[in-house]
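Below are the chains, spelled out letter by letter.
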Amino acid sequence: MKKRPIKLNKKKLEKILEKSWEEIKDRYYHPLLKSKSSIAWNSKETTELDEREVPRNSNKSKIKLGSHEVSIAEDNLQQVSRYIDPKIAIDGLHIHEIGHYCIFPKDLATVLFLHQVAAASFGKPVGEKILNLYLDVVDDSENLLSSTRSFELSEFYRAVSLYFNDMINNADINQKGEILKNTKPNRLILAYYGYLGIKNGKDKTNVYIGDIPEEKLEKLKDIDFSVKQGQDWQMEYIHSTNLITFGGLIKDLLYTTNAEDCIIENPFEIDKGFNLEEFTTDEINEALNKLIKEHGKIRYDAIKEHIKVILGDKFIDDFVKKTDKTKIHGIGIERSNIQLNNELIAYYSRLASVYGVSIAKKPLTIDVKEPYPERCSEFSLGDPVQRLNHFSSGGKILPAITKKFEDGYGMRQDKAFSIPDLFLIIDSSGSMDNPTNMSYAVLAGFILARNYAKNGKKVGLMNFSTDALLIEPTRDIDLINSGLCAYWGGGTVLNISKIKEYFLLMTEKKLPTKETDGDYEKIIEKLSPEKKKLFQDKMLNITLDTKVQGLYNRIDNVLITDGGIANLPQLVDYMNSIAKYTRNIVFLINNIADYNRWKEQALKNTQIILINKKEDLLHLAIGLAKKVVREGSFRILK
């Protein structure tokens, strides 16, 4: 039985709302909420239904986690207006809704994480309902134990308890059963809030729970909803455990249809909860960026798949193309034992987007345009005087006679500080993590390729095991990403000779973008006898060819490996030999022993970066300036 609505003084409540908003924000130490809260007034049609006591679904207060807009529903004020001062009611609702932003869940990433857990544990409709109740309980629990926010919130929930009790006591026999079924989970939670009120020295929230097993309340008291220690991702896992325990307690209290386990709309809810369909694609993509950074690939994939099931075509992944036909074209690809993993490109692209790298500029020889007087044309008033051809009219300006110089442009080489192109050499031998798992090597490659490409630079790739895939420097970053996700397996032998051949062929402009190893040999056969002999004798020396020197000067040479390379001495010799022309960077994955051993080799101009976890890929700096002061040449005063 629903009582007729009270005629509320809207102007007065709007003023109360404005004052309450500022006061409650002050108690939360002024969170960054741009929009002021508002009251969602019922429509004329809704009010008429209430006056005729026609049952309907209630409007509910809410906060939008994306825009942080808070709205207080008139229905909530109607429910408690007979039992509480309107200022206290609005204060309590503000405390609750701002708590969702400041306490829990704080952001959409946490909602997505727990939404997937709830759906996997209890099914979609029931899981979503359990999650929204859980989010409210975590938020309210901390507020009800707060010294500055507990009074208004506990008073508000005491009024809600009185509202429920009146609804139950005043209903006829048929309506009473329906109300009892509908409000079971809410009344259990209100009883728990009463327990917290006693703990905090406040009046108990006295709500009827005679139809609810008492042991449920005792088990609810055993859950520690206050999870404060640890980083966000650690707390999310603790909350997932609590959520499953909480859901097990209240699942059988939810009012559902037996046929489809579908939740019956509860007209007595206070908070609207969070529906994934209300969030924009940009908001969901931003949340996925946070989740992919904090959680492993398995968890991220499960959450993303869950979102796709719920939203379908409404969700557009920023890193998945509608028609992804990317195929690797490169020397060595025709060998049959390479594993292509193009379906992983979207995952590593998103993960790489949340990491950054600083690339230091270096002096490069570049082609610049240089103007020179190419021809003359008629001088007109308004033309720059410095272009005047003084010889055309004896130093005088004569109409239709005096000429001016017009520039042509020639090219010349000059030195300038610029970011070079990138050549990636990535180890995909059997000892390296397969990209289908979380591969730090592949992630490092994606981060580097993305950042160099964002600077307008070309990226080349060699993906090697005992065999090699080669891709010529290109601005087609999708092609490079495809090559980074490819996996050979097998042994770890870096073919130094093939790298030298590769760079020499690039200077000859004879390196194709798609070729088999057999065709690669045909290209070498077409070279001049001198060049051909270099390849056949495997005696390539980059110091012999100034073109190759210039090519190395224009690139950063990056090796990504876990060490254990069989021909390590040859690799060290090679990197030392090119160090005078290029910057060498080695990403060493999970190998502290080789890290210390390689540093002892004192590779010239080579930066060695040890990677043991994703966080090691934060704030990287490529091509750091040499130290001005040698280590040990100064002392620290104590």
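Remember, it's a predicted structure, so these values are computed and weren't measured experimentally.

Asker: Sorry, what's going on with the packing of aromatic side chains here?
Answerer: Note on aromatic pairs: each is described by the distance of the centres and the angle between the planes. For the coordinates displayed, the defined rule picks out 16 aromatic pairs. A ring pair is formed by Tyr134 and Phe225, whose centres lie 5.8 Å apart and whose planes are at 55°; its orientation type is tilted. With Tyr134 in helix α6 (residues 124–144) and Phe225 in the loop between α9 (214–222) and α10 (232–250), the pair connects residues that are 91 residues apart, well separated along the chain. With respect to class, Tyr134 is no different from Phe225; both count as buried. Taken together, the aromatic side chains of Phe104, Tyr134, Phe156, Tyr157, Tyr192, Tyr193, Tyr195, Phe225 and Phe246 make up a single cluster linked through ring pairs. Here the basic side chain of Arg149 rests over the ring of Tyr28, its NZ or CZ set 4.4 Å away from the ring centre. Lys293 extends its terminal NZ or CZ atom over the ring of Tyr355, reaching a point 5.6 Å from the ring centre.

Asker: Honestly, the side chain of Asn451 in this entry has me stumped. Any pointers?
Answerer: Structurally, the position occupied by Asn451 is in helix α14 (residues 440–454). Given the relative accessible area of 11%, Asn451 is considered buried. A distance of 2.7 Å separates the side chain of Asn451 from the backbone oxygen of Ile447, its partner in a polar contact. Setting aside its immediate chain neighbours within four residues, Asn451 contacts Tyr355, Gly356, Val357 and Ile359.

Asker: Would you mind going over the nonpolar core with me for this structure?
Answerer: The nonpolar side chains of a soluble globular protein tend to be buried with one another. Membership of the largest hydrophobic core comes to 137 residues, with the highest contact counts inside it found for Phe246, Leu424 and Phe587. Element by element, the count of residues in this core is highest for α14, at 10 residues. Every residue in contact with Phe246, bar those within four places of it in the chain, is listed here: Ile130, Leu133, Tyr134, Val137, Ile189, Leu220, Ile223 and Phe225. The next biggest cluster of nonpolar side chains, apart from the first, holds 33 residues, and it includes Ile425, Leu494, Ile499 and Met575.

Asker: Please explain the environment of Lys7 as it appears in this structure.
Answerer: Following the sequence through the fold, Lys7 ends up in the segment before α1 (10–27). Note: C-alpha distance between Lys7 and Gln78 (71 residues apart in sequence) is 8.9 Å.

Asker: Looking at this structure, I do not really get the pairing of strand β3 (residues 70–73). What am I missing?
Answerer: The two faces of a sheet get side chains in turn, since along a regular strand they alternate between them. Neither face of β3 is open: one carries Val70 and Ile72, the other Ser71 and Ala73, and all of them are buried. Taken together, the 3 bridges between strand β1 (residues 38–40) and β3 define a ladder with parallel strand orientation. Within β3, the position partnered with Ala40 by the bridge is Ala73. Taken together, the 2 bridges between strand β2 (residues 62–63) and β3 define a ladder with antiparallel strand orientation. What sits directly across from Lys62, in β3, is Ser71.

Asker: Would you mind showing me how to read the sheet that holds β3 here?
Answerer: Paired through backbone hydrogen bonds, the strands of a sheet run either parallel or antiparallel to each other. Read across the sheet, 3 strands follow the order β1-β3-β2 without closing on themselves; strand pairing throughout is mixed. Edge positions in the sheet fall to β1 and β2, since each has one partner strand and no second. The sheet strands contacting α1 are β1 and β3, and the helix crosses β1 at an angle near 135°.

Asker: Just checking my understanding: could you explain the sheet that holds strand β10 (residues 468–474) for this structure?
Answerer: Taken together, 6 strands build an open sheet; the order of strands is β10-β9-β8-β11-β12-β13 and the sheet is mixed. In the strand order of this sheet, the two ends are held by β10 and β13 (606–611), each with one partner. Ignoring which end each strand starts from, the neighbouring axes of this sheet average 15° apart. As judged from the 6 bridges shared by strand β8 (residues 421–427) and strand β11 (residues 555–561), these two strands associate in the parallel manner. Of the residues in β11, the one forming a bridge with Ile425 is Leu559. Sheet strands in contact with helix α21 (residues 592–600) are β11, β12 (583–589) and β13, and its direction is about 165° off that of β13.

Asker: What is the right way to look at the packing of helix α13 (residues 345–353) against helix α15 (residues 477–485) in this model?
Answerer: The axes of two packed helices give the description: the angle between them and the distance between them. The geometry of α13 relative to α15 is characterised by a closest axis approach of 10 Å and an angle of 105° between their N-to-C directions. Accordingly, the angle class assigned to the pair α13 and α15 is roughly perpendicular. Counted together, Ile345, Tyr348 and Ser349 of α13 and Asp478, Asn481, Ser482 and Cys485 of α15 form the full contact between these two elements. Partitioned by chemical class, the residues of the contact of α13 with α15 number 3 nonpolar, 3 polar and 1 charged.

Basis of the calculations
Residues numbered from 1 in each chain as written. Predicted model: local features only at pLDDT ≥ 70, side-chain atom pairs only at ≥ 80, totals over all residues. Heavy atoms only, no water. Phe/Tyr/Trp six-rings, centres within 6.5 Å; stacked < 30°, edge-to-face > 60°. Helix = DSSP H or I, 4+ residues; strand = E, 2+ residues; numbered from the N terminus. Buried < 20%, exposed > 50% of the residue type's maximum accessible area, 1.4 Å probe, protein only. Lys NZ or Arg CZ within 6 Å of the ring centre and 35° of its normal. Polar contact = N/O pair within 3.5 Å; in protein donor to acceptor, adjacent residues only side chain to side chain. Contact = heavy atoms within 4.5 Å. Core = buried A, V, L, I, M, F, W, Y, C linked by side-chain atoms within 4.5 Å. Pairing = 2+ DSSP bridges. Axes fitted to C-alpha atoms, helices over the stretch in contact; angles between N-to-C directions. Parallel < 35°, antiparallel > 145°, perpendicular 65-115°, else oblique. Nonpolar A, V, L, I, M, F, W, Y, C, P; charged D, E, K, R; others polar.

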